[in-house]
Amino acid sequence: ASRRAPPRLRNLLDMAVQITVMSFALLVLVWGGTRLVDLTLTLGQTSAALQIKRGYIYVVLPLSGVIVLFYSALSFWESAGRLFGSGRSSSRPRS
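The rules behind the values
- Residues numbered from 1 in each chain as written.
- Predicted model: local features only at pLDDT ≥ 70, side-chain atom pairs only at ≥ 80, totals over all residues.
- Heavy atoms only, no water.
- Helix = DSSP H or I, 4+ residues; strand = E, 2+ residues; numbered from the N terminus.
- Expected span 1.5 Å × (residues − 1).
- Bend = angle between axes of the 7 residues up to and from the residue.
- Buried < 20%, exposed > 50% of the residue type's maximum accessible area, 1.4 Å probe, protein only.
- Contact = heavy atoms within 4.5 Å.
- Patch = residues over 30% accessible without salt bridge, like charges linked within 9 Å, V, L, I, M, F, W, Y side chains within 5 Å.
- Areas by Shrake-Rupley, 256 points an atom, 1.4 Å probe, with all protein chains shown as cover.
- Salt bridge = Lys/Arg side-chain N within 4 Å of Asp/Glu carboxyl O.
- Core = buried A, V, L, I, M, F, W, Y, C linked by side-chain atoms within 4.5 Å.

Participant: I'm lost on helix α1 (residues 7-43) in this one. Help?
Facilitator: Given a rise of 1.5 Å per residue, 37 residues ought to cover 54 Å, and the 52 Å separating the end C-alpha atoms of α1 matches this to within 8%. Bending of α1 peaks at approximately 25° at the position of alanine 25. Considered for burial, the residues of α1 that qualify are Asn11, Met15, Gln18, Met22, Ala25, Leu29, Val30, Gly33, Val37 and Thr40. Turning to α1, the residues buried within the fold contact α2 (54-58) and α3 (60-84). Immediately downstream of α1, the backbone of glycine 44 shows phi near 75°, a positive value.

Below, the structure written as structure tokens:
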């Protein structure tokens with residue numbers, strides 16, 4: 001359906017989606033993940049199988065949130081560049 005939308009609307013929709021993804025990554029993965037890591041390290045919970053603190057395992061949440069933020073920001077700026085004509089268009093296929 002969005003492929004039939006005019007390019008300007010499509011870029012605005014792409015930007016709105018990226019803002020939503022960045023918000024989720026920031027609030028849930030980075031902020032919530034950091035709180036979870038802090039809580040589990042404070043409580044000293046250890047993994048029964050690995051015998052390491054669970055906080056070290058949960059560090060993957062904020063790290064993956066930062067990665068998602070980075071790539072969503074790239075996609076956002078790419079769409080903004082197409083919308084305002086100040087960026088070069090990407091040669092990668094759109095999905």
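Participant: Teacher, can you tell me more about a nonpolar patch on the surface here?
Facilitator: Residues Leu41, Leu50, Ile52, Tyr56 and Ile57 make up a contiguous nonpolar surface patch of roughly 450 Å² in combined accessible area. When its relative accessible area of 34% is taken as the criterion, isoleucine 57 is described as partly exposed.

Participant: Is there a simple way to explain the nonpolar core in this structure?
Facilitator: As a rule of thumb, nonpolar side chains are buried together in soluble globular proteins. One finds Met15, Met22, Phe76, Ala80 and Leu83 forming the largest nonpolar core, which totals 5 residues. At the level of elements, α1 and α3 are the ones that each hand at least two residues to this core. With 3 residues, α3 is the single largest residue contributor to this core. Sequence-distant contacts of leucine 83, defined by excluding residues within four places in its chain, comprise Arg8, Asn11, Leu12 and Met15.

Participant: What exactly am I supposed to notice about the side chain of serine 72 here?
Facilitator: Within the secondary structure, serine 72 sits in helix α3. Among residues more than four places away in sequence, those in contact with serine 72 are Gln18, Val21 and Met22.

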